[in-house]
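# Examination of the molecular architecture
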Amino acid sequence: MSTENLPWVEKYRPSTLDEVNGQQHVVQTVRKFAKDGRIPHLLFYGPPGTGKTSTIIALARELYGKNYRNMVLELNASDDRGIDVVRDQIKNFASTRQIFNSGFKLIILDEADAMSNAAQNALRRVIEKYTKNTRFCILANYSHKLNPALLSRCTRFRFSPLPDSALQERVDAVIKAERLRIAPDAREALLELSEGDMRRALNVLQACSTAVDDGEEISQDMVYECVGAPRPQSVNTVLDAIMKNDWTDAYATMTKVRKTEGLALVDLMAGFVRILDGFELRPRTRTAILHGLGDIEYGISKGGSDKIQSTAVIGVIKNALENEAA
Ligand SMILES: Nc1ncnc2c1ncn2[C@@H]1O[C@H](COP(=O)(O)OP(=O)(O)O)[C@@H](O)[C@H]1O
Ligand SMILES: [Mg+2]
């Protein structure tokens, strides 16, 4: 199969456990399970783009090799056809006799935390019923959305957001393989804006590579544009206006920057948080700003008026910085 038209997240998906970046603890432990031939039911949970699906698929490849197709069933638990469909598929798969293989079959259930409680209970019974010749690997973003009875049947592994070093390794490998030219500050911005999510890092990198002409260098602005995040200069302009100018002018500057860059208020707020990270502030000031912005973000998510929320942002920052100076 040609890999030319594949999205990079597929093209560069790790094909062995060795290729999974970061998550050493998980990789080491599951590798030991595989070596001992004693695989428990597994639960991988953590934020998107950290390697949950990749790790279980790489493990399954190492376990089954050419038999992968016969031995592994990948299902999406949030399948909108409902738990009955999922249950039937599991039943068919788990109860087919294996003529050429011995050992466990593996069922990978993605997005299990999207299942209703009733569906999770049904799943728990299915797991019990087929434990004799089947192992389950449940993937989820949040473990607290899973039923305790289901949790207690699995060995749990938390996937953390990937550290920069892990993102870097793969991003650099892709830059090399695709022969991209990227400015050093653009690469830095890419790593930072990805926030530990490798899927995002690769998708943004691919979007940037499509945006440049052959041989042209990917610039920092381009990275910000592809992410939909404000450029640091623009955030600084607004922040400056808030700190130094009066209210009306601060609001005008904010509105103008948002318009020219097409920014939602929350994007701008995320930009403030990133920049304020690098400021030296009293803890009290920092807390006041973050607390205030948190409330405003919640207000926005509840459908609050843009004008009121925008002015509130200005108020929160002005207030906190005036207290800092006092
Ligand atoms: N730890 C990792 N090491 C290497 N690549 C990764 C890692 N995590 C994610 N990726 C990349 O991001 C894509 C999405 O990863 P995936 O395993 O599906 O994440 P999750 O299931 O946690 O959302 C993969 O195709 C792979 O290219
Ligand atoms: Mg996944």
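Residues numbered from 1 in each chain as written. Chains lettered and ligands numbered in written order. Predicted model: local features only at pLDDT ≥ 70, side-chain atom pairs only at ≥ 80, totals over all residues. Heavy atoms only, no water.

Applied cut-off: UniProt positions are given in the numbering used here, feature names are shortened, and annotations may be inferred rather than shown by experiment.
Naming follows an unreviewed UniProt entry, where the chain appears as Replication factor C subunit 3 of Ogataea philodendri. Turning to the chain, the UniProt record has this under Sequence similarities (unreviewed entry): "Belongs to the activator 1 small subunits family." According to its UniProt record, the chain has this under Subcellular location (unreviewed entry): "Nucleus".

## Describing the domain arrangement of the chain
As a reminder, the rule being used: These domain boundaries are the output of an automatic or database domain assignment.
Taken as a whole, the chain is organised into domain 1 (8–158), domain 2 (164–227) and domain 3 (232–325). Each of domain 2 and domain 3 has a C-alpha centre, and these two points are 27 Å apart.

## Topic: the packing of helix α12 (residues 232–244) against helix α16 (residues 306–325)
The criterion, for reference: In this analysis, axes come from line fits to C-alpha atoms, helices being fitted only over the stretch in contact, and the angle between any two N-to-C directions falls in the range 0 to 180 degrees. Segments assigned H or I by DSSP are reported as helices when at least four residues long, segments assigned E as strands when at least two residues long, and all are numbered from the N terminus. Roughly parallel refers to an angle under 35 degrees, roughly antiparallel to one over 145, roughly perpendicular to one between 65 and 115, and oblique to any angle outside these ranges. Handedness of a helix crossing follows the sense of rotation of the near helix relative to the far helix, less than a right angle counterclockwise being left-handed and clockwise being right-handed. Here, two residues are considered to be in contact whenever any of their heavy atoms come within 4.5 Å of each other. Three residue categories are used. Nonpolar comprises Ala, Val, Leu, Ile, Met, Phe, Trp, Tyr, Cys and Pro, charged comprises Asp, Glu, Lys and Arg, and polar comprises the others, including Gly.
The contact between α12 and α16 brings their axes to 9 Å, and the two run at 60 degrees. As the angle between them shows, α12 and α16 are arranged oblique. Once α12 is placed against α16, the crossing between them reads as right-handed. Contact residues: α12 offers L239, I242 and M243, while α16 offers I314, I317, K318 and L321. Its residues assigned to classes, the contact of α12 with α16 shows six nonpolar, no polar and one charged.

## Overview of the site of ligand 1
Convention followed: We define proximity as follows: a residue is near a molecule or strand when any one of its heavy atoms falls within 4 Å of that partner. Distance and chemistry together define a polar contact, namely a pair of N or O atoms within 3.5 Å, with one atom able to donate a hydrogen and the other to accept it when in protein, and with adjacent residues in sequence counting only for side-chain atoms on both sides. Shrake-Rupley sampling with a 1.4 Å probe provides the accessible areas, and residues are treated as covered by the protein chains on show and by no other component. Here a cavity means grid points, on a 1 Å grid over the protein atoms only, where a 1.4 Å probe fits yet cannot get out; a pocket means an open set of points with protein on both sides within 12 Å along at least five of seven lines; lining residues are those with an atom within 4 Å of a point. To be counted as sitting in a cavity or pocket, a molecule needs more than half of its atoms within 2 Å of that site's grid points.
With respect to spatial proximity, 19 residues lie near ligand 1, and among them V9, N21, K52, T53 and S54 are the closest. Within the backbone of V9, one N or O atom sits 2.3 Å away from an oxygen atom of ligand 1. Contacts to ligand 1 include G51, whose backbone N or O atom sits 3.0 Å from a nitrogen atom. Computed on the free molecule, ligand 1 has an accessible area of 550 Å², of which 97% lies beneath the protein chains in the complex. The cavity that encloses ligand 1 is the largest pocket. Those elements giving two or more residues to the shell around ligand 1 turn out to be α3 (52–64) and α10 (198–211).

## Topic: the pattern of salt bridges
Where we set the bar: A carboxyl oxygen of Asp or Glu within 4 Å of a side-chain nitrogen of Lys or Arg is what we treat as a salt bridge. For every residue, the accessible area (1.4 Å probe, protein chains only) is compared with the maximum for its type, and the residue is labelled buried under 20%, exposed over 50%, or partly exposed between those bounds.
Summed over the entire model, instances satisfying the criterion amount to 14 salt bridges. Of the charged contacts, one joins E128 and R153 as a salt bridge, the two residues approaching to 2.4 Å between their closest N and O atoms. With a gap of 25 residues between them, E128 in helix α6 (residues 117–130) and R153 in the loop between α7 (148–151) and β5 (155–158) connect regions that are remote in the sequence. Residue E128 is classed as partly exposed on the basis of its relative accessible area, which comes to 39%. For R153, a relative accessible area of 29% puts it in the partly exposed group. The partner of R187 in a salt bridge is D172, with the nearest N and O atoms 2.8 Å apart.

## Some words on unusual backbone geometry
The residue Q23 is not glycine, and still its phi comes out positive at about 50 degrees. Examined against the element boundaries, Q23 turns out to sit in the loop between α1 (8–11) and α2 (24–36). Take Q23: its relative accessible area is 8%, and that puts it in the buried class. Even without being a glycine, E111 presents a positive backbone phi close to 55 degrees. Relative to the elements of secondary structure, E111 occurs in the loop between β3 (105–110) and α6. E111 gets classed as partly exposed once you look at its relative accessible area, which sits at 37%.

## Remarks on helix α13 (residues 247–261)
Just so we agree on the cut-off: By definition here, a helix of n residues has an expected span of 1.5 Å times n minus one. An arc is given here, and it is the one of the directions from the helix axis to the C-beta atoms.
Given a rise of 1.5 Å per residue, 15 residues ought to cover 21 Å, and the 21 Å separating the end C-alpha atoms of α13 matches this to within 8%. Residues of α13 that are buried include every one of A250, T253, M254, V257 and R258, and no others. One face of α13 carries all of its buried residues, which in axial projection span an arc of 125 degrees. Among the exposed residues of α13, those pointing more than 90 degrees away from its buried face are T248, K256, K259 and T260. Looking at where α13 begins, the residue whose side-chain oxygen comes 3.3 Å from the main-chain nitrogen of T248 is D246.

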